[in-house]
Amino acid sequence: MSIRRIFSGAICIGVLLPLGACSSHTGIEALKTQSTQADVLPTGVELDDTIDAESSRLLTTHKQVRYFVAASHDSSVGCIIVVPPGADPQWFAGCGGFGAADIIVTASTMPSNMSASLVRDDADTRTLESEGWTRIHDNILIPNV
C-alpha cells in the first residue's frame, strides 16, 4: 500500500474524530499570512479533498526537508506535510484537530524513519524536548536522530 493511500485513509479517520476546535482560531499564525510561491505544495503531493491545498504554508526547511502546514476547508483540522529533497520525494503527512492541545499531530513514515510534530503557537514542548525532540520552527519539532 502506498504512502499516499495511507495518508488519504488517515485524513478520513482524522476528520471523523470529534473536534473541539473553534473554526476561527487554528493556533498557527502562519495560516493567516499571505501565500507566496514558496508555499505551494510540490507536484505529486496530493491531499484529501477535505484539506484546502491552497491554505498550505511552508513553515521551514531543515536539512533540505521542507515542512508545510495546511488546514481543512472549515479550519477545524491541521496537517503537517513533510517533503524530503529529490525529484520524487517520499513525502508524508498527518492531520489532527485544532483543539486546545499543544500537539496537533505527530506524523511519521517507515521507509525513511522520519517523524515530525505540528504544534500550536507558543506550545509547551518541554516534555517532547526532554524526550529528545528538537524545535526547528515555532510549530515544528523533530526527533533527534
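Preceding block: the structure.
Residues numbered from 1 in each chain as written. Predicted model: local features only at pLDDT ≥ 70, side-chain atom pairs only at ≥ 80, totals over all residues. Heavy atoms only, no water.

A. Representation of the nonpolar core within the structure. Counting residues in hydrophobic clusters, the biggest one holds 20 residues, and the most contacted among them are I28, Y67, I80, V82, L118 and I140. Taken together, the elements giving at least two residues each to this core come down to β2 (65-72), β3 (77-83), β5 (103-109), β6 (114-119) and β8 (140-143). The element best represented in this core is β2, accounting for four residues. With residues up to four places along the chain from it excluded, the contact list for L118 reads I28, L59, V69, G78, C79, I80, D102, I103, I104, V105, N139 and I140. Ranked by size, the runner-up nonpolar core spans 13 residues in total, among them L47, V77, I81 and C95. (Core = buried A, V, L, I, M, F, W, Y, C linked by side-chain atoms within 4.5 Å. Buried < 20%, exposed > 50% of the residue type's maximum accessible area, 1.4 Å probe, protein only. Helix = DSSP H or I, 4+ residues; strand = E, 2+ residues; numbered from the N terminus. Contact = heavy atoms within 4.5 Å.)

B. Examining the pairing of β6 more closely. Across the six residues of β6, six count as buried, placing the element largely inside the fold. Of the two faces of β6, the one holding M114, A116 and L118 and the one holding S115, S117 and V119 are both buried throughout. As defined by bridge partners, β5 adjoins β6 across six bridges and the pair is classed as antiparallel. Paired with V105 across the strands is L118, a residue of β6. In this antiparallel pair of consecutive strands, β5 and β6, the connection spans four residues, and N113 shows a positive phi of 55°. Alignment of β6 against β8, held across two bridges, turns out to be antiparallel. When the sheet's bridge partners are listed, S117 is paired in β8 with L141. (Pairing = 2+ DSSP bridges.)

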